[in-house]
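# Structure assessment
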Amino acid sequence: MEFDEELHLQTCATPETLAIAGDDRKRLTLALETLPPRFREILVLRELEGCSYKEIAAITAIPVGTVMSSLSRARRQLYSALANSSQGACP
Amino acid sequence: MRCDFADSLLQGYFDGELSGRRAAEFERHLRHCGHCATELVDLDLLRDRLQLAQLYEPATAELRRKINAPLHAIAATTVESWPLLWHWLAAAAALLFVAIILVTVGQGVHTDDYQAELAGETVDAHVRSLQPGHMNGVASTDASVVKGWLEGRARFAVPVRDFANEGFALKGGRVDVIEARAVAVLVYERNEHPINTFIWPTRERDSPPRTGSRQRFQWVDWRKGKMEFCAVSDADHVDLEQLHQLMNSSA
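A short tour of the structure in this document, coming up.

The rules we used
- Residues numbered from 1 in each chain as written.
- Chains lettered and ligands numbered in written order.
- Predicted model: local features only at pLDDT ≥ 70, side-chain atom pairs only at ≥ 80, totals over all residues.
- Helix = DSSP H or I, 4+ residues; strand = E, 2+ residues; numbered from the N terminus.
- Buried ≥ 20, exposed ≤ 12 C-beta atoms within 10 Å, placed from the backbone.
- Contact = placed C-beta atoms within 7 Å.

## Quick look at the overall build of chain B
A tally of helices and strands in chain B yields 7 helices and 7 strands. Mapped from its N terminus to its C terminus, chain B presents α and β elements in the order α-α-α-α-α-β-α-β-β-β-β-β-β-α. The burial tally for chain B puts 25% of its 251 residues in the buried class. Counting only contacts in chain B whose residues sit at least 6 apart along the sequence, the fraction spanning at least 24 positions is 53%.

Quick look at the structure:
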């Protein structure tokens, strides 16, 4: 019988792990919402859609150099927002 | 204090957007900069966290069908009842064609630079390996032996397969250096022509094969499953293409 990875993963998902994953999803969503829309757009295109800088530049109509610098600032702001949310959660 | 490289090169390196030369420059810097090394790890953790969180779900096939069906119906009706629209569509298509050509040419310039650089290094490494006593690896036709040898030396899992039945006999493996990074090399033989297949991890998406020749050697480069492969040989380019297909289907 073949090893079913999906089935195995499903059986590993306990209520605790699901709750932790749900909590992290909520934190990430809230942190992303604090970013300026342009930064959020670029970050999502890169990290979730896997677009190249050139593709992001074409979609957002900004130069490739601006994509790189915006991505850097977006990531820094996201770190900062996540750090703030962690401090709020665990004073 | 932030390192000067953190903004100028680190992001591009992390996203796999630097040319080989710039990436090598950054990797040299990375050996001595704890700040950049830490930031690289943090970036990786953040990416994993974003991707694992499943922040949104793609639309199901059924929902896509429901959305697309009325749109297709509207498009069909509009075209039928408005023949002049074809003129505008033709003009738009012409503009699109020009835009695609411009983008393709732009990408070609970048790709050509990269390919020339990469091809130069892989062909040089191939030629070095042909010198007597320069193999410095494991000589074995047993895929499990070669895999075992590479596991202790390469920092990634190397997909090792023997294609002797298809005319590409595995002869061994070694570790080499391309663009200042350690890469695994599988050595095959085709009609007495040695073929070096250089393999290293990449962050880039899968890509179709790109081929070229340098001096009297042919090369074919492709990416599959976050690994980059570059096969070099003086064998016919058709043979390299066949090896690419065999490796691609087994990766």
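Still to come is the rest of the account.
## Description of the overall build of chain A
In terms of regular secondary structure, chain A is built from 5 helices and 0 strands. Start at the N end of chain A and walk to the C end: the helices and strands fall as α-α-α-α-α. Counting every position in chain A, which comprises 91 residues, the buried fraction comes to 19%. A fraction of 59% describes how many contacts in chain A between residues 6 or more apart in sequence connect residues 24 or more apart.

## Section: the environment of Ala81 of chain A
All names here are of chain A. Tracing the sequence through the fold places Ala81 in helix H5 (residues 64–89). Residue Ala81 is classed as partly exposed on the basis of its C-beta count, with 18 C-beta atoms lying within 10 Å. Residues in contact with Ala81, not counting those within four places in the same chain, are Ala31 and Thr34.

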